[in-house]
Amino acid sequence: LPATRYACEAYVRFVVEQPLVAAAASSLTELFAPAIHRERISGMLANYDFVNDDVMAYFKRRLTQAPRDANFALDYVKTHAKTQAEREAVCNALIFKTNVLWVQLDALYHAYVEGHIPPGAFVPQGN
């Protein structure tokens, strides 16, 4: 989806342009990933015929990788965000990342629930 592509590009640009402590902090959404991925895996496998264990391999790997990555980032941020300005940048980075995720969800909802699929995007069978 164009909005998802745009959001991802904005996130990559953010990570490249921000100080390392803020860039690392933006990944702290991974703290919540295992629970989300468990739910996503079971829901996708139960509700979509074209989804199988191979399709879900990335999310299955994230069940163990995400906690490791998030704990590394959290330790890094706690060690290196020493000033008030750095701590504020950490909070703002996390807010920015959640906004990126919301944009992606909004795009999916608009396209696949409301039925406004943009040209060139995936069209589920039956639409």
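Structural data are supplied above this passage.
Residues numbered from 1 in each chain as written. Predicted model: local features only at pLDDT ≥ 70, side-chain atom pairs only at ≥ 80, totals over all residues. Heavy atoms only, no water.

**Student:** What's the story with the pattern of salt bridges in this structure? I'm lost.
**Tutor:** Should their charged atoms come close, side chains of opposite charge can pair. This model, assessed by the stated rule, comprises four salt bridges. The salt bridge partner of aspartate 69 is arginine 62, with a shortest N-O separation of 3.0 Å. In this structure, aspartate 69 engages arginine 68 in a salt bridge whose closest nitrogen and oxygen atoms are separated by 3.3 Å. Residue classification places aspartate 69 among the partly exposed residues on the basis of a relative accessible area of 30%. Owing to a relative accessible area of 53%, arginine 68 belongs among the exposed residues under this scheme. When salt bridges with common partners are traced through the structure, they connect Glu30, Arg62, Arg68 and Asp69 into a single cluster. (Salt bridge = Lys/Arg side-chain N within 4 Å of Asp/Glu carboxyl O. Buried < 20%, exposed > 50% of the residue type's maximum accessible area, 1.4 Å probe, protein only.)

**Student:** How should the side chain of lysine 97 be read in this particular structure?
**Tutor:** Tracing the sequence through the fold places lysine 97 in helix 5 (residues 84-113). Nearest to the buried, unbridged lysine 97 among oppositely charged side chains is glutamate 30, at 5.0 Å. Setting aside residues up to four positions removed in sequence, lysine 97 forms contacts with Tyr11, Ser26, Ser27 and Thr29. (Helix = DSSP H or I, 4+ residues; strand = E, 2+ residues; numbered from the N terminus. Lys, Arg positive; Asp, Glu negative; His and termini not counted. Contact = heavy atoms within 4.5 Å.)

**Student:** Where do I start with the packing of aromatic side chains in this structure?
**Tutor:** Geometrically, a pair of aromatic rings is defined through the distance of the ring centres and the angle of the planes. Tallied over the full model, the rule gives five aromatic pairs. On the basis of an interplanar angle of 50 degrees and a centroid distance of 6.4 Å, the ring pair of phenylalanine 50 and phenylalanine 122 is categorised as tilted. In this pair, phenylalanine 50 is assigned in the loop between helix 3 (33-47) and helix 4 (57-80) and phenylalanine 122 in the segment after helix 5, connecting sequence segments 72 residues apart. Across the pair, exposure class does not vary: phenylalanine 50 and phenylalanine 122 are exposed alike. One aromatic cluster in this structure is built from Tyr48, Phe50, Tyr112 and Phe122. (Phe/Tyr/Trp six-rings, centres within 6.5 Å; stacked < 30°, edge-to-face > 60°.)

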